[in-house]
Amino acid sequence: MLSLIVSVAFAGFVAYVSEPGSSLFSWHPTLMSFAFAVFVVQAIGAFNPNGFLGSASRNTRVTFHFLLMFCGVVSALLGYAAIYYTKEKFEKPHLTTPHGQLGFGVIIYLVVQSLAGINVSYPQLATKLVSYGLLRRMHGFSGLFLFLLSSLVMLGGINSDWFKERVTGIAWYMCVVAPFLLLALLLKQVLLKKPTSKPADAKKAK
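The structure presented is a predicted model; accordingly, all values stated were derived computationally and were not measured.

What counts as what
Residues numbered from 1 in each chain as written. Predicted model: local features only at pLDDT ≥ 70, side-chain atom pairs only at ≥ 80, totals over all residues. Heavy atoms only, no water. Helix = DSSP H or I, 4+ residues; strand = E, 2+ residues; numbered from the N terminus. Buried < 20%, exposed > 50% of the residue type's maximum accessible area, 1.4 Å probe, protein only. Contact = heavy atoms within 4.5 Å. Areas by Shrake-Rupley, 256 points an atom, 1.4 Å probe, with all protein chains shown as cover. Axes fitted to C-alpha atoms, helices over the stretch in contact; angles between N-to-C directions. Parallel < 35°, antiparallel > 145°, perpendicular 65-115°, else oblique. Core = buried A, V, L, I, M, F, W, Y, C linked by side-chain atoms within 4.5 Å. Phe/Tyr/Trp six-rings, centres within 6.5 Å; stacked < 30°, edge-to-face > 60°. pLDDT = per-residue confidence, 0-100. Left-handed = near helix turned anticlockwise from the far one by under 90°. Nonpolar A, V, L, I, M, F, W, Y, C, P; charged D, E, K, R; others polar.

Enquirer: Where do I start with the overall build of the protein in this structure?
Expert: Check the secondary structure of the protein and you find eight helices and zero strands. For the protein, the N- to C-terminal ordering of α and β elements is α-α-α-α-α-α-α-α. Every one of the 206 residues in the protein was classed for burial, and the buried ones make up 40%. Contacts in the protein between residues at least 24 apart in sequence constitute 70% of all its contacts with a sequence separation of at least 6. Carbon and sulfur atoms make up 69% of the accessible area of the protein, which totals about 11500 Å².

Put into structure tokens, the structure is as follows:
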């Protein structure tokens, strides 16, 4: 539950600072913070037995994971569209900063990671090459790496002149800490998770 509180508090604060709707650009930090700090984090957290789903069944967790990742992808793409058309409007060049370049790469990674997740749900082909347990752990660690990269992108946004003009003092430092606190919670969840045996469908595929 701590990750849910931190996720919503962080993204909500960014939205408050950004004032979504005040400009086209304002949707960029708002949608990106919700995409990665809320939807992606909670999609991973859906498999946490101590998380917001409590004692829900695995099928329920998979469904929530899929829906949250779908929301994350849509939110990230809309967030990218907001900054893209803002730069087009003011005739500014694209992908000229490390924040923009890494951010673009992370969005591509997010889409690929989401598509790879379908292979985990329907592992008939992949389990001919690796065990189902290894497949799931690979997907989990890849998700952690995705969030690590997205944390660096968020840190770049937090360190931007635009953000520092609006947020100062302890509030700014709390924003810096939030993504890495979420990363630590996800690391704990994934690294301490017990391996899962191959499901019936994967066995049949063999």
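Enquirer: Which parts of the structure should I look at to understand the side chain of Thr-86?
Expert: Within the secondary structure, Thr-86 is located in helix α3 (residues 58–89). Beyond its immediate chain neighbours, meaning those up to four positions away, Thr-86 contacts Leu-24 and Phe-25.

Enquirer: Where do I start with the packing of helix α1 (residues 2–18) against helix α2 (residues 27–45) in this structure?
Expert: In a packed pair of helices, the relevant descriptors are the angle between the two axes and the axis-to-axis distance. Look at α1 against α2: their axes get within 8 Å of each other, and the N-to-C directions meet at 175°. As judged from the angle between their axes, α1 and α2 are roughly antiparallel. Where α1 approaches α2, its residues Ser-3, Leu-4, Ser-7, Val-8, Phe-10, Ala-11, Gly-12, Val-14, Ala-15 and Ser-18 are matched on the opposing element by Pro-29, Thr-30, Ser-33, Phe-34, Ala-37, Val-38, Val-41 and Gln-42.

Enquirer: Would you mind showing me how to read the nonpolar core here?
Expert: Generally speaking, soluble globular proteins have nonpolar side chains that are buried together. Phe-10, Phe-36, Leu-110, Phe-147, Ile-158 and Phe-163 are the most contacted members of the largest nonpolar core, which has 37 residues in total. Residues within four places of Phe-147 in sequence aside, it is in contact with Phe-36, Ala-37, Val-41, Met-154, Pro-179, Leu-182, Leu-183 and Leu-186.

Enquirer: Teacher, can you tell me more about the packing of aromatic side chains here?
Expert: The geometry of an aromatic ring pair is captured by two quantities: the separation of the ring centres and the angle between the planes. For the coordinates displayed, the defined rule picks out eight aromatic pairs. A ring pair is formed by Tyr-109 and Phe-145, whose centres lie 6.0 Å apart and whose planes are at 50°; its orientation type is tilted. Here Tyr-109 is found in helix α4 (residues 98–121), whereas its partner Phe-145 is found in helix α5 (residues 132–158), with 36 residues between them in sequence. In this structure Phe-145 comes out as partly exposed when scored by relative accessible area, which is 42%. Both rings, one in Trp-162 and one in Phe-163, keep their centres 6.4 Å apart while their planes meet at 40°; by these two values the pair is tilted. Every member of this aromatic cluster is reached through a ring pair, and the members are Tyr-80, Tyr-84, Tyr-85 and Phe-104.

Enquirer: Sorry if this is basic, but what is going on with unusual backbone geometry here?
Expert: Working note: non-glycine residues mostly have negative phi, and peptide bonds are mostly trans. Phi at Glu-91 is positive, roughly 55°, even though this residue is not glycine. Assessed through its relative accessible area of 74%, Glu-91 is described here as exposed. With a phi close to 55°, Leu-95 is a non-glycine residue in the positive phi region. As for its position among the elements, Leu-95 is in the loop between α3 and α4. Since its relative accessible area comes to 34%, Leu-95 is described here as partly exposed.

Enquirer: It is not clear to me how the confidence of the model for the protein should be interpreted in this structure. Could you clarify?
Expert: In low-pLDDT segments, the atomic positions of the prediction should not be examined closely. Mean pLDDT over the protein works out to 89, with 90% of the residues at or above the 70 mark. In this model residues 197–206 is a low-confidence stretch, pLDDT under 50, and it forms 13 contacts with partners more than four residues away in sequence or in other chains.

Enquirer: Please explain the packing of α2 against α4 as it appears in this structure.
Expert: Relative orientation of the contacting elements α2 and α4 amounts to 45°, with a least axis distance of 13 Å. What the angle tells us is that α2 and α4 run oblique. In the packing of α2 onto α4, the handedness of the crossing is left-handed. From α2, His-28, Met-32, Phe-36 and Val-40 reach across to α4, where they touch His-99, Val-106, Ile-107 and Leu-110. Each residue belonging to the contact of α2 with α4 can be placed in one class, and the counts come to six nonpolar, two polar and no charged.

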